Structures are given as structure tokens and as C-alpha cells.
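Per-entry structural report
Each chain, letter by letter, is given below.
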Amino acid sequence: MPEWSWIEHLTVPILIFERGGLFRWNQAAGDAWPFLREGFSWDDFRSSLTNGWIVHLHPWPDGESFLVECHPDLTGPLAERLREMRDAYEELELIFSEAFDEVFVTDGDGITLRVNRAAERLYGLRQEELIGRSVFDLEREGVFYPSVTGLALKLRRQVTVLQTTSDGKQLWATANPVFDQHGNIRIVISTAKEISDVIRPEVMRAETSVGGMDADEQPQNMVARSPKMRHVFHIAKRVAGTDISCLLLGETGVGKSTLAQWIHRMSPRHRGPFVEVNCAALPESLLESELFGYESGAFTGALKSGKPGKVELAHEGTLFLDEIAEVPLHLQSKLLDFVERRVLTRIGGTRMHTVDARIIAATNRDLKQMVRDGLFRADLYYRLNGVEIEVPPLRERKEDIPELVQQLLRRIFDECPTMVKRVHPEVIRRLQAYTWPGNVRELEHLVRRLVILTDGDYILPSDLQDEWIDEETSGVTPCTSRGPLAQLAQLERDLYADAARHCRSTYEIAEALGVSQATVVRKLKKYGLSIKRPR
């Protein structure tokens, strides 16, 4: 009989039968059938086998014996495994196909490999019209713009953009490139959802209804979750339907110009022009000509044809006089004459021009105190102050900050779709704890900086470390809740406010503080202060 030792070490059961029954078996067979013994007949062994085995018979060299080779029958488990894999595949196919958000898969060249049903819904095309098409061709045809997959292929990294479809839907789309072992892009997987699904529902509700106003009646770029701002819009809405003059009060950056534009848009004069004049931005020598215009030859450098002023250009519309407190006294009388009679005479002219314009004025200064100090005409003040609307500073309406941030983000997305960012809730909390000396304008500049300078798709609390937003702002006093520059500005304002209460002129303030009189004038204007001590 051939050498048995090598058979003994095989892992498959091996048995040798001769005329007298079982003669020999290896360890694997003994482990499989512990009941084996010498002389065990072949018929008994065969009847004890279950369906889990496949048996091969081999003749032994002596011609009278035979070797039995046994193998597990894997047909059943393999079939079961195949069924499980098929069920899992069908389940994944169902998830892919029926997912509410779009799933869009391309190869490394931007050729569409697979899309789900949501893509059909978002783009208005059947799957067979998308599969096999290049995303660059689809972008050129306006199916979507920009192509987030194309940007991911170009930049070789994950990209999130605000995407617009051919029928005007706005999608929040993210594309993620998948690389092979050689560093080549194998596929790009992108997902997208409509922007209405991304923005918080409560934000959307607030934007569609403010203080009982419909969406098309709301001031653009303004928010009114806070009671103070709802009161402002309530008054503004009632005023808008009349022709009465308005005086808008509030610190720099609170949105007085935006509110004035909305009042004009909601007024019967909305088809006429809205003409804005920033009285503080023009030198005193040019302010009169800009306001009232001039005739030919009125002064050196004047146009031969003459030029109408901003007041005339506002005919049948609205004239918005921003920073009205900066109009010098000698021009206030001429402005008063126009406000009372709605007529004006150009510089160097004799002919009267009638102008039908509604007047809205705005200032960040205390006009009543300026009247008492003789710096502003009382009669002009009362003419302009038909209805006074005070816009509260941002620190007094912090409930508006979350929606203001969302609004600013959407405006930035419209301008640059590749800069889609989401804001961590802790960032909002810290923004609400800040005192905002620059008001909404400061908030807008901050949000723009964060969008441009931060990495990734989220604006995180750590991104505020480079800003003057203290990381620990909750539960502290207003002084310590601001950064160093803000605290310094507040101290300076308090210093000038105290001096304005105790001194009779800007000269006395300059003497007391050891600065120039020009500096005093500039600082009082910056902080909206005026001298309050009677002369």
C-alpha cells in the first residue's frame, strides 16, 4: 500500500474501504464522523452521509480496495449567499433610485454614469436623456449652472455650490471626487437638494410673513423677528401710502437707506425715481449745486448747458436726504423754501422750477438737540419731521441676527455660487452676544469675510478667533462681551459724550481733552453726539 503519511495531513476527509469494510481513514474523516471504526461497511457509511457532502471514489492500486474522497457540498450555502447579495443589491438600487435628494454619478471625464429619479424631477429630463451626457455639455445647455461636478474635476476636491436649473430652481449641490490608487479621479458622486430644503423652515416662514405683511411687501434685505423692528415696519407701511414727509433716525449702519427705499417702493410714487443724496459725502462747496443744480455760466467749470440738481431729478418720485444734519445753516433756508413750496431756483438762474417730490430725511444725530444748540433750523426740522421713525440698533434686536445671517448668505451665494457655506449654531450664539457698534453693516462685512476666508463648507466658532468677537460672550457684561477695539471705541464714545454734556462748544471740548477742534467735530459726528449744555 502506498505511503499513508501524506494522506493523513490532508484537510479533506479520506477513507479507504476493502472487502472487509473500512480499513483506514485520516484525521479529517475522524473529525467529520466520530462513529467510524474498522470494518464499518461501505453501505452503512454511504447511508449515513447527509446532503452536505459530495463523494468521489478512486480505485486503490491493489485492485480490490477503493479510496473515498469527501468534499463539503457548497452549492446550497453559495446559492443562499447569492440570494442575499441579490437582495442587498436590489435594496441599494431602490435606495439610490428613490432617494429624495438627487444623486448624480459621473466618470473621471464628467460623463454621466448614473442618476436617480430625483435628478429627473429637478432637471425635467428622463434618466436616459442624462446618462451618457457630459456635465459640461449639460452646463452649456443650461440644464444646471454651474456644474458642481465640473468644478470638482477641475479643483480635484470636494466642492459645494449654489446651483440654478433651467426652470429657476436653486439647488444646494455637493460633488465629491473618488480617486484610484494612482491618484486619478475614478468617479465623481454629487448630491443636490432644493435650497428651500436647506434653509430652516422657521427662517422661511419669517421671510414670507413679517408683521402681517406679504412677501412682496417686505423690505428687501431687512428682517423683523424682533418686536421693535415689527413696530418699525408697521409704522412704515402706514406711512408709505401717504405723501407725508418722514424723518428716519438711528445709528450708522442700521438700514435707514434700505427702509427709505422700501417706503418709496410701497408708495403711490413707486413708478417714479428714488433719488438719494448723502449730504455728508459732498463738500459744502458742491452740496448746493448737487441739490439744486445750476444754469449755464453760473461758476467756473459749469457746463454750458447747465445741470439739474438731485431735487429736480426726484420729480414725481421720492427725494431721500441722508445725513440731513450735515447740511450747513446757509443751505437749510433754501432747502426749507423748497420743502414748503416745492419750488426751487438753480444757482445762477432766475426761473422757478416746480418739483413734485416726496421727502424722506435721515440722520444718526440728535436733531432736537441741534435745534436747541442753534445748529439746525427749527422750522426745517418740523417740516421734515412729519412722521418720525427710529430704527433700533442691532444690539437691541438680536432676535433678528439668525435670519439676517441667512439673508446675507443667500445674497453672497447669488453673487458667487461657489461660496456656499453653512453656519454652526454656536457661531450664531456668539454673534447674538456681541454688541455690534457698526450694526447691520458691520454684520454684513463680517459674514462676507467669514465666507471668503474660511475653509470647508461650515463657518465654525474657531473662525471667529481672527475677528473682534470674544469667544466667551454669553452671560457677561456688555463691556467685556466685545473685543478690544470695540471696548476702546465705547470708552472713547463715553468720553466724548461726557464732555458734550459739560462743555458749551467744540472748542471747550478740545481744550478739555487735549485734541484739536477738528478731531472733536469728527468724533461727535462719528458717535452721533451733540453738545447738550445750554449756551
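Residues numbered from 1 in each chain as written. Predicted model: local features only at pLDDT ≥ 70, side-chain atom pairs only at ≥ 80, totals over all residues. Heavy atoms only, no water.

**Brief notes about empty space enclosed by the protein**
If you roll a probe as big as a water molecule over the atoms, it shows you where there is empty space left. The tally for this structure, following the rule as stated, stands at 1 cavity of 30 Å³ or more. Here the largest cavity defines a volume of roughly 70 Å³. Taken together, 13 residues make up the lining of the largest cavity; nearest its centre are F144, V148, T149, Q163 and S190. Elements with a contribution of two residues or more to the lining of the largest cavity: β5 (102-107), α8 (148-155) and β10 (185-194). (1 Å grid on protein atoms, 1.4 Å probe; cavity = no way out; pocket = protein on both sides within 12 Å on 5 of 7 lines; lining within 4 Å. Points joined across faces, edges and corners; volume = space filled by probe spheres on them. Helix = DSSP H or I, 4+ residues; strand = E, 2+ residues; numbered from the N terminus.)

**Observations regarding the confidence of the model for the chain**
Scored by pLDDT, the chain has a mean of 82; 88% of the residues are at 70 or more. When the elements of the chain are averaged for pLDDT, helix α10 (residues 201-208) gives the smallest value, 38, and strand β11 (residues 246-249) the largest, 96. Between residues 197-216, whose pLDDT stays under 50, and residues either more than four places distant or in other chains, the model counts 32 contacts. Low pLDDT (under 50) marks residues 470-482, which in the prediction has 21 contacts with non-local residues, meaning those over four places away or in another chain. (pLDDT = per-residue confidence, 0-100. Contact = heavy atoms within 4.5 Å.)

**Regarding the sheet that holds strand β4 (residues 66-72)**
Sheet strands pair by backbone hydrogen bonding; their relative direction is either parallel or antiparallel. Here we have 4 strands laid out as an open sheet, ordered β2-β1-β4-β3, and antiparallel in their pairing. Looking at strand neighbours, the two that pair on one side only are β2 (21-25) and β3 (53-59), the edges of this open sheet. Direction aside, the axes of adjacent strands within the sheet are offset by 30° on average. As paired strands, strand β1 (residues 14-18) and β2 are joined by 4 bridges and run antiparallel to one another. Counterpart to E18 in the pairing with β2 is G21. (Pairing = 2+ DSSP bridges. Axes fitted to C-alpha atoms, helices over the stretch in contact; angles between N-to-C directions.)

**Description of the pairing of strand β8 (residues 159-165)**
Counting buried positions along β8 gives 6 out of 7 residues, so the element sits mostly inside the fold. Both strand β7 (residues 144-145) and β8 contribute to a ladder of 2 bridges, which runs antiparallel. Looking at the pairing, F144 lines up with T165 of β8. Where β8 hands over to strand β9 (residues 170-179), the hairpin turn is made up of 4 residues, of which G168 adopts a positive phi near 90°. (Buried < 20%, exposed > 50% of the residue type's maximum accessible area, 1.4 Å probe, protein only.)

**As for the packing of helix α18 (residues 401-415) against helix α19 (residues 425-433)**
Helix packing for two helices is described by the angle between their axes and how far apart those axes are. Contact geometry for α18 and α19: axes closest at 9 Å, N-to-C directions at 115°. Taken as a pair, α18 and α19 cross one another with a handedness that is right-handed. Contacts between α18 and α19 pair I401, P402 and V405 from the former with I428, L431 and Q432 from the latter. (Left-handed = near helix turned anticlockwise from the far one by under 90°.)

**Things to note about the sheet that holds strand β6 (residues 112-115)**
Strands sit in the order β6-β5-β10-β9-β8-β7 across an open sheet of 6 strands; the sheet is antiparallel. Both outer strands of the open sheet, β6 and β7, are each paired with one neighbouring strand and no more. One ladder, built from 6 bridges, connects β8 with β9; its direction is antiparallel. Note that in β9 the partner of T160 across the bridge is T174.

**Overview of the environment of R397**
In this fold, R397 is placed in the loop between β17 (387-390) and α18. Owing to a relative accessible area of 2%, R397 belongs among the buried residues under this scheme. For R397 and M229, which are 168 residues apart along the polypeptide, the C-alpha to C-alpha distance reads 7.4 Å. If near-sequence neighbours (up to four positions away) are discounted, R397 is found in contact with V223, S226, M229, V254, P392, L404 and V440.

**Comments concerning the nonpolar core**
Within the largest apolar cluster, 31 residues are counted, with the highest numbers of intra-cluster contacts made by L321, I324 and F338. Those elements that provide at least two residues to this core are β11, β12 (274-278), α13 (284-292), β13 (317-322), α15 (329-341), β16 (357-363), α16 (367-372) and α17 (378-384). The biggest single contributor to this core is α15, with 5 residues. Setting aside anything within four residues of it in sequence, one finds I324 in contact with L247, C279, L335, A361, A362, T363, L367, F376 and L384. (Core = buried A, V, L, I, M, F, W, Y, C linked by side-chain atoms within 4.5 Å.)

**Points about the packing of α13 against α15**
For the pair α13 and α15, interaxial distance at closest approach is 11 Å and the crossing angle is 10°. Classified by the angle between their axes, α13 and α15 sit roughly parallel to one another. Between α13, through E284, L287, E288 and F292, and α15, the contact on the second element is made entirely by H330, L331, K334, L335 and F338. (Parallel < 35°, antiparallel > 145°, perpendicular 65-115°, else oblique.)

**A closer look at a nonpolar patch on the surface**
A contiguous nonpolar patch, built from L78, L82 and M85 and spanning about 310 Å² of accessible area, is present on the exposed surface. In this fold, L82 is placed in helix α4 (residues 75-98). (Patch = residues over 30% accessible without salt bridge, like charges linked within 9 Å, V, L, I, M, F, W, Y side chains within 5 Å. Areas by Shrake-Rupley, 256 points an atom, 1.4 Å probe, with all protein chains shown as cover. Salt bridge = Lys/Arg side-chain N within 4 Å of Asp/Glu carboxyl O.)

**Topic: the pairing of β12**
Across the two faces of β12 the burial differs, with V275 and V277 buried and F274, E276 and N278 not buried at all. Examined bridge by bridge, β12 and β13 share 5 bridges and lie parallel to one another. From the neighbouring strand, V277 faces β13, where its bridge partner is L321.

**Some details on the side chain of D400**
Turning to its location among the elements, D400 is positioned in the loop between β17 and α18. The contacts of D400, once residues within four sequence positions are left out, are V223, A224, R225, S226 and M229.

**Re unusual backbone geometry**
The residue after Y145, namely P146, is reached through a cis peptide bond having omega -10°. Structurally, P146 can be placed in the loop between β7 and α8. In the Ramachandran plot, R342 falls in the positive-phi region, its phi being about 60° despite a non-glycine side chain. Turning to its location among the elements, R342 is positioned in the loop between α15 and β14 (343-345). Residue W436 is not a glycine yet carries a positive backbone phi of 50°. Its location among the elements puts W436 in the loop between α19 and α20 (439-453).

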